[in-house]
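The residues making up each chain are set out below.
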Amino acid sequence: DLSSTVQWQKIWKIKAHDRIKMLLWRIGSNVLPTKNNLALRIGTSDPNCVLCGSEHETTTHLFFHCQVARAIWFGCSWGTRTDKMSIASNKDILKIVLNLDELSTLQMAVTMEAIWHLRNQVRHNGSEVNIISTICNTENRVKEYLMALDHEHDKDRSEELTSWMPPLRNYIKLNVDAAISQA
């Protein structure tokens, strides 16, 4: 199916850490080890959400319907209201995340990674849920990605401006350097 091939290609083209791309791929492939997936595949006993405990920990619940996740989404400066989104499947998640502008895709992917990280800290390390800390870390991570992208652009522009390039065939290139001052 061509549309799914395009979705997979979009995942790998996101300008983010490979860890985030892998998270999105695992979500799209339905292989993320949520408690519900583990219960269905290997028969673990408790499929309830690690963060809220109120519903089965499916991918859609964990990232978009869980009260803790909803607080994180809304608390971030982008103020996403996941209760207003129509997300019923992993495919829906990818459609939303991958069909946005570059900044919104980055914000959504980083937020999802932060929720997954929080979930794992609570599940495996017995950490407390700290929504404020998660929001701050998420926003800082997005800023770091944006700064890295700016530096990458600056580096490309810098090389373009400082590197000598030969003229096109049958052209003469005249390089000039000048300085003007108020004397």
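Look up a bit, the structure's there.
Residues numbered from 1 in each chain as written. Predicted model: local features only at pLDDT ≥ 70, side-chain atom pairs only at ≥ 80, totals over all residues. Heavy atoms only, no water.

**Focus on the layout of surface pockets**
1) Next: When its volume is computed, the second largest pocket comes out at roughly 170 Å³.
2) Next: Together, Ala114, His117, Leu118, Gln121, Ser127, Glu128, Asn130, Ser133, Thr134, Asn137, Thr138 and Arg141 line the second largest pocket.
3) Next: Contributing elements (two or more residues each) for the lining of the second largest pocket: α7 (102–125) and α8 (131–162).
4) Next: When residues in the lining of the second largest pocket are grouped by element, the largest group, five residues, is from α8.
5) Next: When the residues that make up the lining of the second largest pocket are grouped by side-chain class, the tally is two nonpolar, eight polar and two charged. (1 Å grid on protein atoms, 1.4 Å probe; cavity = no way out; pocket = protein on both sides within 12 Å on 5 of 7 lines; lining within 4 Å. Points joined across faces, edges and corners; volume = space filled by probe spheres on them. Helix = DSSP H or I, 4+ residues; strand = E, 2+ residues; numbered from the N terminus. Nonpolar A, V, L, I, M, F, W, Y, C, P; charged D, E, K, R; others polar.)

**Here's the deal with α7**
1) Next: In this model, α7 (24 residues) spans 33 Å end to end at C-alpha, consistent with the 34 Å of a helix rising 1.5 Å per residue.
2) Next: Looking at the residues trailing α7, positive phi occurs at glycine 126, about 70 degrees. (Expected span 1.5 Å × (residues − 1).)

**Description of the packing of helix α5 (residues 67–75) against α7**
When two helices pack together, their arrangement is given by the angle between their axes and by how far apart the axes lie.
1) Next: Their axes nearest at 11 Å, the elements α5 and α7 cross at an angle of 140 degrees. With respect to their mutual orientation, α5 and α7 come out oblique. When you trace α5 past α7, the crossing you get is right-handed. Two secondary-structure elements touch here, α5 through Val68, Ala69, Ile72 and Trp73 and α7 through Met108, Thr111, Met112, Ile115 and Leu118.
2) Next: In terms of residue class, the contact of α5 with α7 is made up of eight nonpolar, one polar and no charged. (Axes fitted to C-alpha atoms, helices over the stretch in contact; angles between N-to-C directions. Parallel < 35°, antiparallel > 145°, perpendicular 65-115°, else oblique. Left-handed = near helix turned anticlockwise from the far one by under 90°. Contact = heavy atoms within 4.5 Å.)

**Examining the environment of threonine 60**
1) Next: Relative to the assigned elements, threonine 60 resides in helix α4 (residues 59–65).
2) Next: You can call threonine 60 buried: its relative accessible area is 12%.
3) Next: For the pair formed by threonine 60 and lysine 91, sequence separation is 31 residues and the distance between their alpha carbons is 9.9 Å.
4) Next: Apart from residues no more than four positions distant in its own chain, threonine 60 is found in contact with His65, Ile87, Ala88, Ser89, Asn90 and Ile93. (Buried < 20%, exposed > 50% of the residue type's maximum accessible area, 1.4 Å probe, protein only.)

**Overview of a nonpolar patch on the surface**
1) Next: Where nonpolar side chains cluster on the molecular surface, the patch consists of Trp12, Met22, Trp25 and Val31 and spans about 350 Å² of accessible area.
2) Next: Counting through the fold element by element, tryptophan 12 comes out in helix α1 (residues 2–13). (Patch = residues over 30% accessible without salt bridge, like charges linked within 9 Å, V, L, I, M, F, W, Y side chains within 5 Å. Areas by Shrake-Rupley, 256 points an atom, 1.4 Å probe, with all protein chains shown as cover. Salt bridge = Lys/Arg side-chain N within 4 Å of Asp/Glu carboxyl O.)

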